[in-house]
Every structure is written in structure tokens, then in C-alpha cells.
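# Examining the three-dimensional arrangement
Spelled out from the first residue to the last, the chains are:
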Amino acid sequence: MSETKIDQLVFFVNGKKIVEKNVEPEMTLLQYLRTTLHLPGTKLGCAEGGCGACTVMVSKYDRAQDKIIHYSVNACLAPVCSMHGLAVITVEGIGSTKTRLHPVQERIAKSHGSQCGFCTPGIVMSMYTLLRNNPLPSMVEMESAFEGNLCRCTGYRPILEGFKSFTKEACCGKGANCCRNNFATGEADPNANSGEASSLFNHHDFAPFDPSQEPIFPPELQMSSKLDDQSLMFTGERVTWYRPVTLDELLILKDKHPTARLVIGNSEVGVEVKFKNMHYPVIIAPTHIPELLTVQCTDNGITFGASTTLTKMEEVLREAVEQKPEHQTRVFAAIIEMLRWFAGHQIRNVAAVGGNIITASPISDLNPLFMAAGCTLRLASKDVGFRTVPFDHTFFLGYRKTVLTPSEVLISIHIPYMKPDEYFYGYKQANRRDDDIAIVNAGIRVLFETHNNTVKEMAMSFGGMAPTTVMALKTAKQVVGRKWEDNLVADVCDLLADDLPLDPDAPGGMIEYRRTLTTSFFFKFYLSVQSRLQENKQVHEHCVPASCRSAIPVFHRDPSKSSQLYEEVAPGQPADDAVGRVMPHMSAGQQASGEAVYCDDMPTIQGELYLALVTSTRTHAKILNIDPSDALEIPGVETFLCHKDLPGDSNITGPVIFDEEVFASEEVLCQGYVIGAVVADTQAHAQRAAKAVKIEYEDLPTVVTIEDAIAAEAFMPPSRTMNVGDVETGFSDSDHIIEGEMRVGGQEHFYLETQATIAVPKSENGEMELFCSTQNPSKAQMLVAKALGVPANRIVCRVKRMGGGFGGKETRFTTLLLPVAIAAHKLNRPVRCMLDRDEDMVITGMRHPFLGRYKVGFSHDGVIKALELNLYMNAGYSMDLSFSVMERALFHLDNCYKIPNLKVKSNICKTNLPSNTAFRGFGGPQGMMINESWVTDIAVTLGISQQQVREINMYKEGDVTHFNQKLVQCNIKRCWDEVLRKSSFMQRRAEVDLFNSENRWKKRGLAVIPTKFGIAFTAKFMNQGGALVHVYTDGSVLLAHGGCEMGQGLHTKMIQVASRVLRIPTSRIHISETSTNTVPNTMPTAASASSDLNGMAVVNACQTILERLEPFIVANPKGTWDDWVRAAYFDRVSLSSTGFHRTPDIGYDWDKNEGNPFNYFTFGAACSEVEIDCLTGDHQVLRTDIVMDVGSSLNPAIDIGQIEGGFIQGYGLFTLELVKFSPDGFLFTRGPGSYKIPGFGDIPVEFNVSLLKGSLNKRAVYSSKAIGEPPLFLASSIFFAIKDAISSARVDAGIHGTFRLDSPATSERIRMSCTDQFTKQFPPAEPGTYKPWFVHV
């Protein structure tokens, strides 16, 4: 063991040498970049390596290969200690708006691939890393680069579109004659109508990409191996970090510290420390030990050192597959295929094969393959030396336990070659395809007697079926000697059922699904092997039927393609008139370069402290005692706050009604309920102290689900009802009556920037300045003023931008804001807090889950006669905005169909969950979803097409809704007809039916769905907006308005509006921020109405300025804008003006059912085609066509971006995003590891968006329409296409008629709805006989 250990960290960041003497081992690279080097471009999105916002590029010199290696990593997981001897490049290091944007930054900005921008630096760095390794990647390689990145705003399409310009496919060599040039230079798409354009950017405007101009690798790191050869030891406050460089040194350390954790990529330990409160005093990093890095090809297989990264393993295996005989590498091919779905590149680049094994995860993707393949493991320890063990059923002793002794280390794994008569396949099913943990996975191997189909040996290994990876030993034994024939399948399924039992209350839930997957996987394996035996002429009978062959191929996705059509501006429109023109987001360049400042990016203020919340771990309980004494002993802690620090009613709060507390005083109402807060000098100290606060509880009865609330009659008053026509007469006139129910699940907002606040107290008059990531600065101002007991005029709230909001920052931000403001007020020092992802998800609530119970009457031709509906929503513990959300659900329960007789009752369920809140659509999608469910049931009941039912009941111009608002400029049918035409619906319907008739285990579905979304706040007083315009003497204009920028391009549109009124270029106009001291009493940026309300206010203010300038324009008609401004200034004319707008002719009377709750409606229609795997529940969206009525678009690029982003967010709502609570109210889905939003690979393979041409809207600014929320529901076309595909599978199984499919249509629900011999084998346990692991709330 080396006697001298270096305790000085040396690495490079953006070309600058960093020497750190006293590095803290618990600090991540991300924390170091942001807090020590003050490089805030790299963002914190999740702290578990699941979102990619923290992506940076790391480079090292590989001396064995004599080349420089570049790879992307998650800075949120990478320990800063692990950077010794490496070079880090962050987004700031590749380009800047102040100098020159890098082509990657420029292209994502100009192609409209950055909306809120919080994810953009990470996406930029993933693309940059790819180009450093491969300057001319293929489309497939480009799309693969983003497997570890998430975006919640854009819908991904514009990002891929911009980056396509770097790919081989975009560089075809035809130059000016390339067919892509037509679309990129603004010429019309030949498929577009006259006056329509099809290009949102011109790729000829992009700066050329020259790989030779990239920053050089630091010569110091290349010329000398000194830093690589050093043994390291860093000692921090609680942790000591070792990096040995020899095997002997490692074994001595492990012998001395047997409980030490070995860390390569930190993807497991980092998450354990951050989220599971684990503490490991000693960390050993075996990253530089030759024996653990060696890859050796032998006569019988390949041996990989335990520290070999998964990326390196994949490279070696791919090379072997190309060079070795096919049969030898069958297990290698299975591993390569599995690695496609193993996390993202950022994880695979650093995660080691040994870590994957020793972590002993029961859902490891690779361990089932290794075990089934018959791999062997080489172990070593200081006292025993080396030993080799089989990697089989004896290796795992229990949950997270292996045969290794405390002092042993895994040295290597040997993966054997396969024999000619041996076949191997791997399987995995997850909620989402890319970067997701498995629900169940498997490795299956079979060896036949030479040249026949008699089984000689078999191995079957499964993950997700027990506390460890398990092998189906009895099944494998029973199969030996059997012929590989069809009768084997049923027998193996029975054997597997016995071999792999699961109790109904087993962790993970989904019991029937998981058991069905094991037999479905085997059936796929059987078909695959049978097909290979046929190819090899080892069988002549029992051929795989043609209808079953589609179950065999591995998943394939074609490169994405898309089109965007929009109306061009009128000929002759002045060049400076920006309205209607395509313009990138005004901050896109800064967002792409990391220069855009978000709340937590702001530099620390002198004396600033950090706050951490203390929250309830119980669902409903009395608080018996709060003891912060241990927390106050932790170094750096300043104080603990609780309800005692808020006298009188200052502790009472709420966004609409005061039914909440800032800090719980006597009772907690949900897990995550705020009890107190700890304030300390650093985030680490504050969070550690918050966990040390002791709370004593007395549990109380809980209400978690809607069904719980119904049973307990736990409803919040008042209950809205709607009665239209005569329901009883409607039912008596009906030829058919059906009844049913549908659940629409909740949805986590998952804005990439979590809730964040900085409160800065002033020295006099109780003033305070708030920097907050909020959609509602005026509400922030008012509630802080109340809590502090000062007038509102002492509080200023400022919002520069948000990293996404979607409604989640309209009210629930106050759960963090108020404690931070109170702490700052009490201590008279600045206080900051940004919630961690898990805190945010636990505390802040989500989209309201809904349950609809309906009874529908209709005629024999599908005409709706009557509807009776009971609507239930899960509100959580307080009212928040639930009443208004329910109102909008009631207004949208008709979607686009006339319902002459209707009776509806609503029920707001009070439960012991975090208070649910606003989310894009605000109840509308839930109401429309339940509507479309029973519309689909009508078509199935009658045996007619869904298209026919929808068309026969569709609203027409002049019709009156169930809330008595007349439809004016009703473009539903126009959108509907156009999407049918553009999507070639009838032709594709026939093609889908043909496909389904020829395939048993793959099915396709096709659905068209319209939408009608009302635009306005349903509370009349909220339909107002304000603006403030300053014109300075140099002619520049500073604009402020009441809306907040959260990625939706609101500021950009407002600048375009001001540009038209003032008749000046947009470059002369600037918006700095939204602040309560510029425009007072603002409404939340919500309800899709911000462009309407604030845009009209901007017009009003600018017109006032223009009227004041008019005399000077008349006096000097040949003058310039600058001339007129100077003349007005010297003539003492005010160059500042406020603007105001209130929506006219709006308001609704619930008692009388009269009035206009909405200013107008936005319409649209979408057609989607999907393909499902009936054996696994997996699905792929093959194509989506959207036609959207946005009026006369203010900015087509922004509007199309909103359509695509809203649609993909809706896709998540209706298919992927399943929120899981325990029956006791514990939230399981707390981050991207367990909660899956759509990723790059989930978007439709073909994604076409058209804006309806010739639509005018006199009720909004410049004839535009609101677009933020309306497109989201169109994603239900995917849900109903899935349901259409399931119907075909059920028909093949002899099952006809309607069936219930709740939202989201997860892989579990899809698979279990495709009833067949495999699902029937595992009937569900009787409800009430067990406690489920999770419930649908």
C-alpha cells in the first residue's frame, strides 16, 4: 500500500486548471461548479441522474489506446473527487452570446428547441459530446445521444429538427440541389396549400460547424501520467475518500474498512446518500486499478474487469459480434440489446459492470442475462486471495446481499461464448422504453442436442419477481429432454407459475401483470427459437405461424420525421412588423449558452442563509411534540422555525380561502405537510439538520383515494350541479342506455426547475424583496405581506423567468415561499431555498385525479339523447384551486358534442394527500377524457365507427353548449375534416385493419379526437391585464406586463405586439422581468389567457405612446423613431404609459345557467396511430397529425411549439405517467427514476402539425388565439388508438363489446386488457383479502 497519499485535487474546467486543497468528498461536481466556480449554466433537475439537466462533458487521455476520450456525465452524481486528472467542459465553456455561440447552441436556439430553457444546457452538452466523438453522426446516433435527457416543454421535435443539421442524412452531398433546401428557405411545401409555409427556420443561417476549432485537451494531462498514478485520500467533515491505484492497495483498504462502499460511477451510492439518508464514512474509488479495467478475450469467452464501464463493455461486445461467428455471440447480442435501454449515456459512460452486479438490485437489467448465460465471477480479498464463483442462483443470499465477504472485492466477470445449438435472448418491460428501471426482465438460454430440437440444457433468470434476481430452476429441469414443440408452451407456463410465485401484497404491486410477463417472455422466447430452428432446418413441423411472427423482432424505431404548416404573413406587411412572423424565443441564445439566470442561479448575497423544510412523515396525525435540539447542535445551524414563530392568524394562509397553515400547529394532514424549517449556513447543513428534528405523532384515520372519500363522505362544499333539458325524457327516448365509469389519474408537473425562492429583507419599514419561481407574483406579495404583518406595498416580488410551471407554480409555491420569507424576516438576513426533486414532488401536489360514473342514452344511429354523470375529484387536504378546476371540468364535459339532456353532480373529495392544484388544462382534460370514453362506448355498442358517432353529434356554428354559450366562429368541423384529409385517415384505417387481421401479437390502432377549449378565467374578476411601457431618449423601449415567462414565449409575443403598434423593430424593445412594483395586482400567468390579457394591455399602452408622438411624426414625416422620441422628450411629453385591458362581455351565472364563461374557444383535432405489443403491453406511436385553430398566429414557431409540447405532456398524462401512493398515503413516485415523463424516444415517429388557415378571432389581440392548454387533450387520440388496438386483440381472443380502460394506459393496463391464455393464468386476488402495495388515488 502506498505510504503517501495525495490530498490535493487537480483537474481542469473549461481549460482552466483547478487546484483544490480541502475538497469535501460529499460534494458533487455540480455543487462545485455552481457554488465554488460560480458556473450556474449546469442545472440541478433531479440529483439522481435521471433528467440530464446537469450534463457536462468530461475528457481524459486513455494511455492504453493513445487517444483522448470524451464522454458525457451527470454532474449531479459525479463526486468532485473523481475529477482528479480529468478535464471538464460545461456549457459556458463552448460558447456565449457575448462572444460567439457554438453551432450546437445556435442551432437549438434558432430551431426553437428551447422554451423554458432549464433543460437546454444539458441537452446542448449531450449533443456537443456526441460531436466531439463523432463529427458526422447518423440520425440514429443523434437521437440516441439524448436517452438520458428530459424536456417538459418542447415535445422534443424542434430539438431533433435543429440537430438533424449535424447528421449524415442532412449532408447528402447535393448542396443547393438538396430537397431539404426547399423547406429550409421558406419555399412552400408541395403538400401545403397556397399561402402556407412549412419552414420554421433556415438552416443556411446556421454558422458552419468546424470540428477543428474545438478547445484543445489540456497538454499537461496528456504529457504526464502523474495525476493518474497518484493514490488519493480526501478527508471531509463526515467522509473520507480513497482512490487506490494498485490491487494490493485496494484489498488492504477493504480489509481495513470492510463496510466501505466501492464507487465507480456513483449512480447507486449517490442516490442512496441523497434520498435514502444513507451515510458511508469511507468511500473507495477503484477506478484506476489495472486488474479491474482489463478486458481479455479468451478461447471460451470474454473477461471484463469489474470497473469496466457499460459503455466500454458495449463497444467490446459489438466488436466481437462483428468479428466472431454468430452463434458464439448470441449472449453478447442480448446484452447489447439490453444496454440500449439501460439508463442514458451519462450513466452508462461511468457505471461499471461490477457495480451493477454487487449492487444486487432485484430489477437489475444485466444480472438475469449474466446468470442465464452461465457467467463466472472472480473475487479477491487480502487474506483469502483469489477465488472464482459461479454467477448463478447461489450468488444472491437475500435482498441486496451476495456471497462476497465484507473484505472481498469483485475483480472480473467472464461471459462465455455460446455453442452452435445454443440460443439466448433477453427481455425487459418497463413503464417507459428509454432510461427506465424494469418491471420484469429476463434472460433465457436453451441448448439443444446436436442438430435436433430436443432440449439438453436450459436456464431461465428473472428480475422483478423476488427480492433478488431468481432462476426458474424447477422449470428448467423439467424441460430437459422435451421437444421444442407447441405443447411445451402451456407446460412451461404452468411450471413458471409455480417457480415464480408472488403474493398479492408483494412490493412493487402489479402482481398479475408481472406474473403474466414471465410467461409472455417465455412465449416470445419460444417463438424466436422456433424460428431460428426453422432457419437452421432443425425442425420441419410446428413452424411459427405467419400471424405470430411479429412477436419475434426486437423493438425498432425509425428516425423521427415531421412537418409544420402555417399561414404566411400577408404580402406587403412591413418588414419591421413582427406580428405573425416566425421568431425564436427572445432568450433562446442565453438559455442555450447557460447565461440565462434562474432563481437559484443568482449569486449568493452577503450573509445569505439556506433553509430546509421539516415535513411530516405521517399521512394524518396529531403532533405531540417537536424537538429540534439535535438539529440545533449541527454546525452552521442558525435557527429552527415552527408555528410558534407566527403569532395570531399569521400562520393561517391559502391561495383562495384560508384553510391552510404555513407551519402545522396541531395536526398534519398529509405526508409532506410542512411542520417547520431549519436555517443554516449551507444547504448541506440545513438539510442534515432538518432530518435531525424529532417529531412525535399520534396517528389518525386516513382518507387516501376517491373511493375512501366516497365511503367516508369526505367532500368539500360547495358541490356544483348542472341540469339541462329533461334527462328522464331523454333516457326514455333512447334506443340504448349504457353505464360505466372511468378514472383519469393524476399527473406530476415535473417542471425541470423545482420550486425556488430567495427572500431579501431590507433595513427599513419592513420591506422585503422576493425572487421567486412563480406564475403568480401578486399572490406571493399578498400572502407574504399577511404572514409578516406588513402592507403589500412593502413587499416586491420579482420573476425573471421560470424553468417551467404548467400551473404548479400558480399557488403551491407558497409552501416554500412563506417559510423562506418568515426566516428572512426573523433573522434579518437573506434566505434561499430550492427544493430537491423528491421534496417538490412530495410537497406540492399534482393534477387532480378524477373518477366519472356515467349513464348515457342514445339512438340506434348514435345520436346522444341524455347523460347523467357523477364527477369526483381528489383535491387533497385543502381547497386550493379545486373548486375552479371542477368548474372547468363541468364546462368541458361535452368536449365537442351536443348533449340535449344532461344532469351532472360534482364532488370535491377531501383526502390526506398533498393539496392538488392547477395543471395545464385545469380540469378540462379530465372532463373531456371521460366524455370521449363513453362516446367510444356508444360506437362499440352499436357496432359503428367512432368517427361516425363523433361527426353526428359534433357542434356546428351557432349551436349552444350545455352552459348556454353560443358557438361563434366554430371551427371544430374544419379542423376535423382537415385532419382526416391530411392524415389519409380512411386509407390508413383500411391498412390498420389489414395489419390486425394478419397479426395476432402485434396490433395497431387508429383514432381521431377533436377538442374545444374555452379561453378565459372562469372567475370574472381575473380577466384583466396590465402593462407598462417606457421609451428612453435613445429610442429603446422597456416593456413590462403582468405575465411571467416560463418558456411559453409570452415575452417574445409581447415584444412582437409592441413592435407592430410602435412600428419599430423588435430589437429596440426589451422586457427585463415581471415585478409587482411595475405592474400591480396582476393575475396569474395561467388559463392560456396571458397573451390575450397582457397583449391587449400592451397595445393600449403603446397606442398611448404613439398618440403622444403623433404631433412630432406629423411635424417631421421623414424623421425616424429616434427623432420623434427626442423631439417629444425636449417638448416635455411623457414617454411612459400604463396599459390596461379587461375582457368585455364575459361572466356566467351558475344559478341561472346563463352568460358567457369564456371569451372564445380554441379548436383542434388530432389523428394518431399506434402499435402495441399484446404480450408485454409496450406501445409505439407511429404517427400523429394535428390541425389546430390558433386564429391568426402571433408567432407560428411559438404556437407550434406549444402545440407539440402540450401534446407530448398530454401523451404522458394519458399513457405513461402513473402516480403511485401506498394505501397509507406514502408517495412512491418521487423522481425520474420512478416517475416517467415522455422522453425523446417516445414522441410520434412521424409528427405533423398544421395551423388552420384563414381563421380569425375578433376577441383577442390581432386576431390570435390562446394555445397553451388546448392541445394537451389531443394526446387522448393516442389513448383511444391504443384502446382501438386492444379491441382487435380482444376480438382475436373471442371477446367482444365495451371494456374499461382507465387513464393512463400504462403497459400493465394494455397487457392485462389484451386478455389471452397467459393473462387468464393469473386471476387477481379477491379485494379486501390483502393490502395492495400501491393504490390509484
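These lines cover the structure that appears in this document, whether it is placed above or below. This is a predicted model, so every value here is computed, not measured. (Residues numbered from 1 in each chain as written. Predicted model: local features only at pLDDT ≥ 70, side-chain atom pairs only at ≥ 80, totals over all residues. Heavy atoms only, no water.)

### A closer look at the sheet that holds strand β45 (residues 1074-1075)
- Taken together, the eight strands give an open sheet; going across it, the order is β25-β29-β23-β37-β34-β35-β36-β45, and neighbouring strands pair in mixed fashion. Looking at the sheet topology across the chains shown, the edges are occupied by β25 (637-641) and β45.
- Pairing geometry for strand β34 (residues 756-761) and strand β37 (residues 831-834), over four bridges, is antiparallel. In the sheet register, A756 faces β37, and the bridge partner there is M834.
- Across the sheet, helix α21 (residues 683-692) lies against β23 (609-615), β25, β29 (674-680) and β37, angled at about 20° from β23, the strand it touches most.
- Helix α24 (residues 777-788) contacts β35 (768-772), β36 (795-799) and β45 of the sheet and is inclined by roughly 150° relative to β36. (Pairing = 2+ DSSP bridges. Helix = DSSP H or I, 4+ residues; strand = E, 2+ residues; numbered from the N terminus. Contact = heavy atoms within 4.5 Å. Axes fitted to C-alpha atoms, helices over the stretch in contact; angles between N-to-C directions.)

### A closer look at the pairing of β37
- Residues of β37 alternate between two faces, with V831 and C833 on one and R832 and M834 on the opposite face, all of them buried.
- Two elements, β23 and β37, share two bridges in a ladder whose sense is parallel. By the bridge assignment for β37, L609 is matched with V831. (Buried < 20%, exposed > 50% of the residue type's maximum accessible area, 1.4 Å probe, protein only.)

### Thoughts on the environment of V790
- When you line up the elements, V790 lands in the loop between α24 and β36.
- Look at V790 and you get buried, because its relative accessible area is 17%.
- What V790 contacts, discounting residues up to four positions off in sequence, is G766, A785 and I795.

### Looking at helix α34 (residues 1121-1130)
- All of the buried residues in α34 are W1121, W1124, V1125 and A1128. Looking down the long axis of α34, one finds its buried residues gathered within 100° of arc, a one-sided arrangement.
- Along its buried surface, α34 packs onto β42 (1024-1031), β43 (1037-1041), α32 (1050-1062) and α33 (1090-1115).
- At the exit of α34 stands R1132, carrying a positive phi of roughly 60°. (Arc of directions from axis to C-beta.)

### Some words on the sheet that holds strand β20 (residues 455-463)
- As summarised here, the arrangement of the four strands in space is β18-β19-β20-β21, forming an open sheet in which the pairing is antiparallel. The strands lining the two open edges of the sheet, one partner per strand, are β18 (422-430) and β21 (470-471).
- Of the strand pairs in this sheet, strand β19 (residues 438-448) and β20 are connected by eight bridges, and their pairing is antiparallel. The residue bridging G443 from the neighbouring strand is S461, located in β20.

### Observations concerning the pattern of salt bridges
- For the coordinates displayed, the defined rule picks out 69 salt bridges.
- For R1300, the salt bridge identified is with E741, shortest N-O distance 2.7 Å. With a gap of 559 residues between them, R1300 in the loop between α36 (1276-1292) and α37 (1307-1313) and E741 in strand β33 (residues 736-744) connect regions that are remote in the sequence.
- Note on R1300: relative accessible area 41%, which makes it partly exposed.
- In this structure, R1300 engages D1302 in a salt bridge whose closest nitrogen and oxygen atoms are separated by 2.8 Å.
- In the salt-bridge network here, residues are joined through shared partners; they are R34, K43, D600, D601, E608 and R832. (Salt bridge = Lys/Arg side-chain N within 4 Å of Asp/Glu carboxyl O.)

### A look at the packing of aromatic side chains
- Under the defined criterion, the tally for this structure stands at 44 aromatic pairs.
- A centroid spacing of 4.3 Å and a plane angle of 45° characterise the contact between Y156 and F1240, whose relative ring orientation is tilted. Here F1240 lies in the loop between α35 (1196-1216) and β51 (1246-1251) and Y156 lies in the loop between α4 (139-144) and α5 (157-163), a separation of 1084 residues in the sequence. By the burial criterion, Y156 is buried, and F1240 matches it.
- Between W484 and F522, the ring centres sit 6.0 Å apart and the planes meet at 65°, which makes this aromatic pair edge-to-face. Here W484, found in the loop between α16 (473-479) and α17 (487-499), pairs with F522, found in helix α18 (residues 511-535); they are 38 residues apart in sequence, far enough to count as distant.
- Using a relative accessible area of 0% as the deciding quantity, one classes W484 as buried.
- Of the aromatic side chains, those joined through ring pairs into one cluster are Y423, Y425, F448, W484, F522, F525 and Y526.
- R801 extends its terminal NZ or CZ atom over the ring of Y598, reaching a point 5.7 Å from the ring centre. (Phe/Tyr/Trp six-rings, centres within 6.5 Å; stacked < 30°, edge-to-face > 60°. Lys NZ or Arg CZ within 6 Å of the ring centre and 35° of its normal.)

### Here's the deal with the side chain of S412
- With respect to the helices and strands, the residue S412 is situated in strand β17 (residues 409-416).
- Ignoring any residue separated from it by four or fewer positions in sequence, one finds S412 in contact with T303, F304, G305, A306, T376, L377 and R378.

### Notes on the environment of G1095
- For G1095, the location among the structural elements is in helix α33.
- In the structure, G1095 is positioned 37 residues away from A1058 in sequence and 8.4 Å away in space, judged by C-alpha atoms.
- Look past the residues within four positions of G1095 in its chain and what remains in contact with it is M1054, V1057, S1090 and V1261.

### Examining the packing of helix α2 (residues 103-110) against helix α3 (residues 120-133)
- Between α2 and α3, the shortest axis-to-axis distance is 9 Å and the interhelical angle comes to 130°. Judged by the inter-axis angle, α2 sits oblique to α3. Judged by the twist between their axes, the crossing of α2 over α3 is right-handed. Here V104, Q105 and I108 of α2 come into contact with α3, specifically with T120, I123, V124, M127, Y128 and L131.
- Considering only residue class, the contact of α2 with α3 consists of seven nonpolar, two polar and no charged. (Parallel < 35°, antiparallel > 145°, perpendicular 65-115°, else oblique. Left-handed = near helix turned anticlockwise from the far one by under 90°. Nonpolar A, V, L, I, M, F, W, Y, C, P; charged D, E, K, R; others polar.)

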